[in-house]
2 protein chains.
Amino acid sequence: MTCPRYIPHNAGICKKCWDVKTEAERELLEELNVLKAKSDFLHLSSINHENNSKSFTDVVLIASDAEAVTPPIHAHKIVLVSRSPVFKAMLENEMEESHRSIIKINEVSYEVLQNFVNYLYTAEAIVDEQMACDLLIMSEKYQVAYLKRQCEKFLASKLSLEKYLKFYVLAHQHNAKHLLDAALTKIITNMDMVTKREEYKELVKSDPHLVLNIHETYFSLYVAETSTRSTV
Amino acid sequence: MTCPRYIPHNAGICKKCWDVKTEAERELLEELNVLKAKSDFLHLSSINHENNSKSFTDVVLIASDAEAVTPPIHAHKIVLVSRSPVFKAMLENEMEESHRSIIKINEVSYEVLQNFVNYLYTAEAIVDEQMACDLLIMSEKYQVAYLKRQCEKFLASKLSLEKYLKFYVLAHQHNAKHLLDAALTKIITNMDMVTKREEYKELVKSDPHLVLNIHETYFSLYVAETSTRSTV
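Remember, it's a predicted structure, so these values are computed and weren't measured experimentally.

Reading the values: rules and limits
- Residues numbered from 1 in each chain as written.
- Chains lettered and ligands numbered in written order.
- Predicted model: local features only at pLDDT ≥ 70, side-chain atom pairs only at ≥ 80, totals over all residues.
- Heavy atoms only, no water.
- Helix = DSSP H or I, 4+ residues; strand = E, 2+ residues; numbered from the N terminus.
- Buried < 20%, exposed > 50% of the residue type's maximum accessible area, 1.4 Å probe, protein only.
- Contact = heavy atoms within 4.5 Å.
- Areas by Shrake-Rupley, 256 points an atom, 1.4 Å probe, with all protein chains shown as cover.
- Least-squares fit on C-alpha atoms with pLDDT ≥ 70 in both.
- Axes fitted to C-alpha atoms, helices over the stretch in contact; angles between N-to-C directions.
- Parallel < 35°, antiparallel > 145°, perpendicular 65-115°, else oblique.
- Left-handed = near helix turned anticlockwise from the far one by under 90°.
- Nonpolar A, V, L, I, M, F, W, Y, C, P; charged D, E, K, R; others polar.
- pLDDT = per-residue confidence, 0-100.
- Expected span 1.5 Å × (residues − 1).
- Pairing = 2+ DSSP bridges.
- Salt bridge = Lys/Arg side-chain N within 4 Å of Asp/Glu carboxyl O.
- Arc of directions from axis to C-beta.
- Patch = residues over 30% accessible without salt bridge, like charges linked within 9 Å, V, L, I, M, F, W, Y side chains within 5 Å.
- 1 Å grid on protein atoms, 1.4 Å probe; cavity = no way out; pocket = protein on both sides within 12 Å on 5 of 7 lines; lining within 4 Å.
- Points joined across faces, edges and corners; volume = space filled by probe spheres on them.
- Buried area = accessible area lost by both parts, 1.4 Å probe.
- Polar contact = N/O pair within 3.5 Å; in protein donor to acceptor, adjacent residues only side chain to side chain.

Novice: Mind laying out the overall build of chain A, listing which residues take part and the relevant values?
Specialist: Each helix and strand counted, chain A has eleven helices and four strands in total. Sorting the 232 residues of chain A into buried and exposed places 41% on the buried side. Sequence separation of 24 or more characterises 57% of the internal contacts of chain A that already satisfy a separation of 6 or more. For chain A, the accessible surface area stands at approximately 13200 Å², while carbon and sulfur atoms represent 55% of it.

Novice: Help me get a handle on the relation of the copies chain A and chain B, residues and values and all.
Specialist: Rotating chain A by 180° about the axis while translating it 0.0 Å along that axis superimposes it on chain B, leaving an RMSD of 0.0 Å. Within this description, the copies of the chain are treated as partners about a two-fold rotation axis.

Novice: Give a detailed account of the packing of helix α6 (residues 145-156) of chain A against helix α8 (residues 177-189) of chain A, specifying residues and quantitative values.
Specialist: Residue and element names in this part refer to chain A. Put simply, α6 and α8 touch, their axes get as near as 8 Å, and they point 15° apart. As far as their axial angle goes, α8 and α6 are roughly parallel. Relative to α8, the crossing made by α6 is right-handed. Counted together, Arg-149, Glu-152, Leu-155 and Ala-156 of α6 and Lys-177, His-178, Leu-179 and Ala-182 of α8 form the full contact between these two elements. For the contact of α6 with α8, the residue count by class is four nonpolar, one polar and three charged.

Novice: Before we move on, can you summarise the confidence of the model for chain A with the specific residues and values?
Specialist: Reading fine detail from the predicted coordinates is not recommended where pLDDT is low. Taken over all residues, the pLDDT of chain A has a mean of 85, while the share at 70 or more is 84%. Predicted complex metrics record ipTM = 0.79 and pTM = 0.83.

Novice: Can you break down helix α6 (residues 145-156) of chain B residue by residue, with the values?
Specialist: With twelve residues, α6(B) ought to run about 16 Å at 1.5 Å a step, and its terminal C-alpha atoms sit 16 Å apart, in line with that. Taken together, the buried positions of α6(B) are Tyr146(B), Leu147(B), Lys148(B), Cys151(B), Glu152(B) and Leu155(B). For α6(B), the secondary structure elements touched by its buried residues are α1 (15-42) of chain A together with α4 (110-122), α5 (129-141), α7 (164-173) and α8 (177-189) of chain B.

Novice: Explain the sheet that holds strand β3 (residues 73-75) of chain A to me, using residue names and the numbers behind them.
Specialist: All names here are of chain A. Read across the open sheet, the three strands follow the order β3-β2-β4; overall the sheet is mixed. The open sheet is flanked by β3 and β4 (101-106), the only strands paired with a single partner. Along the sheet, successive strands turn relative to each other by an average axial angle of 25°, direction set aside. As paired strands, strand β2 (residues 59-64) and β3 are joined by three bridges and run antiparallel to one another. By the bridge assignment, Leu-61 is partnered in β3 with Ile-73. In the packing of helix α3 (residues 85-92) onto the sheet, the strands contacted are β2 and β4, and the crossing angle to β4 comes to about 135°.

Novice: Account for the environment of Val144(A), naming residues and giving values.
Specialist: Turning to its location among the elements, Val144(A) is positioned in the loop between α5 (129-141) and α6. On the basis of relative accessible area, Val144(A) is assigned to the buried category, the value being 0%. For the pair Val144(A) and Ser84(A), spaced 60 residues apart in sequence, the C-alpha separation works out to 5.4 Å. Apart from residues lying up to four places away in sequence, Val144(A) is in contact with Arg83(A), Ser84(A), Phe116(A), Leu120(A), Ser139(A) and Phe41(B).

Novice: Residue-level account of the pattern of salt bridges, with values.
Specialist: Considering all chains together, one arrives at 20 salt bridges over all chains under this definition. Of the charged contacts in the structure, one is a salt bridge between Glu124(B) and Lys38(A), with a shortest N-O distance of 2.6 Å. Pair noted here: Glu124(B) is in the loop between α4 and α5 and Lys38(A) is in helix α1, and the two residues belong to different chains. Given a relative accessible area of 40%, Glu124(B) falls into the partly exposed group. Lys38(A) sits in the buried class, given a relative accessible area of 16%. Where Lys177(A) meets Asp181(A), a salt bridge forms, and the shortest distance between an N and an O atom there is 2.7 Å.

Novice: Tell me about α8(A), residues and numbers included.
Specialist: All names here are of chain A. Along its 13 residues, α8 runs 18 Å from first to last C-alpha, staying within 8% of the 18 Å computed at 1.5 Å per residue. Of all the residues in α8, the buried ones are Leu-179, Leu-180, Ala-183, Leu-184, Ile-187 and Ile-188. Looking straight down α8, one finds that the buried residues subtend no more than 155° of arc, so they occupy a single side.

Novice: Let's hear about a nonpolar patch on the surface: which residues, and what values?
Specialist: All names here are of chain A. Together, Tyr-218, Phe-219, Tyr-222 and Val-223 give the surface a local cluster of nonpolar side chains, amounting to about 420 Å² of exposed area. Counting through the fold element by element, Tyr-218 comes out in helix α11 (residues 208-231). In this structure Tyr-218 comes out as partly exposed when scored by relative accessible area, which is 34%.

Novice: Pulling in residues and values, what's your account of empty space enclosed by the protein?
Specialist: All chains considered together, the criterion is met by one cavity of 30 Å³ or more. Roughly 30 Å³ of internal volume is contained in the largest cavity. Taken together, Phe56(A), Asp58(A), His76(A), Lys77(A), Ile78(A), Phe56(B), Asp58(B), His76(B) and Ile78(B) make up the lining of the largest cavity. Across the lining of the largest cavity, the residue classes tally to four nonpolar, two polar and three charged.

Novice: Describe the interface of chain A and chain B, naming the residues involved and giving the relevant values.
Specialist: Listed by partner, the interface residues are 51 residues for chain A and 51 residues for chain B. Together chain A and chain B conceal approximately 4800 Å² of surface at their shared face, both sides included; 69% is due to carbon and sulfur atoms. Counting the surface chain A buries against chain B, the share from its top three residues, Trp18(A), Phe41(A) and Phe56(A), is 17%. Summed over the shared surface of chain A and chain B, the number is six salt bridges. Inspection of the chain A/chain B interface yields ten residue pairs in polar contact (both at pLDDT 80 or more). Those elements giving two or more residues to the side of chain A that touches chain B turn out to be β1 (12-14), α1, α2 (77-83), α3, α4 (110-122) and α6 of chain A. The dominant element in the side of chain A that touches chain B, judged by the number of residues it contributes, is α1(A), at 19 residues. Tallied by class, residues from the side of chain A that touches chain B come to 27 nonpolar, ten polar and 14 charged.

Novice: So what's going on with the side chain of Asn115(B)? Which residues, and what values?
Specialist: You can see Asn115(B) is positioned in helix α4. In contact with Asn115(B), not counting residues within four places along its chain, are Ile126(B), Met131(B) and Leu135(B).

Next up, the structure:
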């Protein structure tokens, strides 16, 4: 937006431009309220909610965490297939006669699975850092792009020196591009400190290719910077 | 927001206040994008969509429009009960054994029912005026408050001299307070013209109480106005 009466010396904005901005803000607020109401309408009650726990469910999910036996989580096929292309392929290829399917999910705790399924109904999750890591893994496995993006965002906001490499490895393993970029930027900016850390030394042993990737990125940036400087 | 450097004569707004407003707008836009993504995530594919037409459905709705035989509309109980307390009561009181229920809905066309069910999945409907009236009736019957509000809003935006009384009657019959208020305001502001119309004369015959209600509101406003004038 340009303000024809803007005068740099007294840093003034004309009343007309101000009013246009105020109107734009009012319209945004209105749009926001409409979307909030729509979102509330589309929100399906959490299946964790006691009353709803078994209402018309047609599928059961079981967290198969090592040898532990965990309670079944009742859900609706329509919700699973709407949210995840993996569940869609899995359930739509089933024999039509099987009215009630059981899906066993390996290497996940009951708590994580419950949170994951709950998210598919509500688009909401109360997460700590560990839960966000676990949900990121689940969302990649079941291709729930929206949840994955939320987890990446949350984890990127928690990046600290101790976690740069941990999150970088996690993001690499689970194809989380946004988190990978965020962690890589932090690592490169703090290369001196990162390379001195114990986690770095361990990563060199366990996954040298990943460490090489960091150095190559660092190198290419360094070269770019140096060449800019030389041109100047 | 106050602007300490606001000078009425040249109608200027200081740069600082302008920046605060710009930041507020940026935040609103960001919030809007988050909500849009959430809404898209929660959106269930329309059941009208070919691929989804029968996926895991457990209930069938049939529009019973006079004697006409209309195609069944397949749906999911979880969606119906989540959106409508009436469907909730109806379906949750069913015997548990009935895996596939049939709900016959009287006095509604196939097209309206299809649009109504589709709305329960998507929170979206392409409507003309007649469809908005029909959906308003359905939303009142099945207590889908959000859809009802949308229909009222749409119809209120279409108010014209020919429709003041029609919409007023519709709103009264189907308990649509917002539309009722909007129509009543228009009627009272244009009493002279309204009382000359054919629809008015017909309404006097068919529902004198409703007409009396208009006059009473007009009278109470007139008295209020006169008393204000006398005090001044």
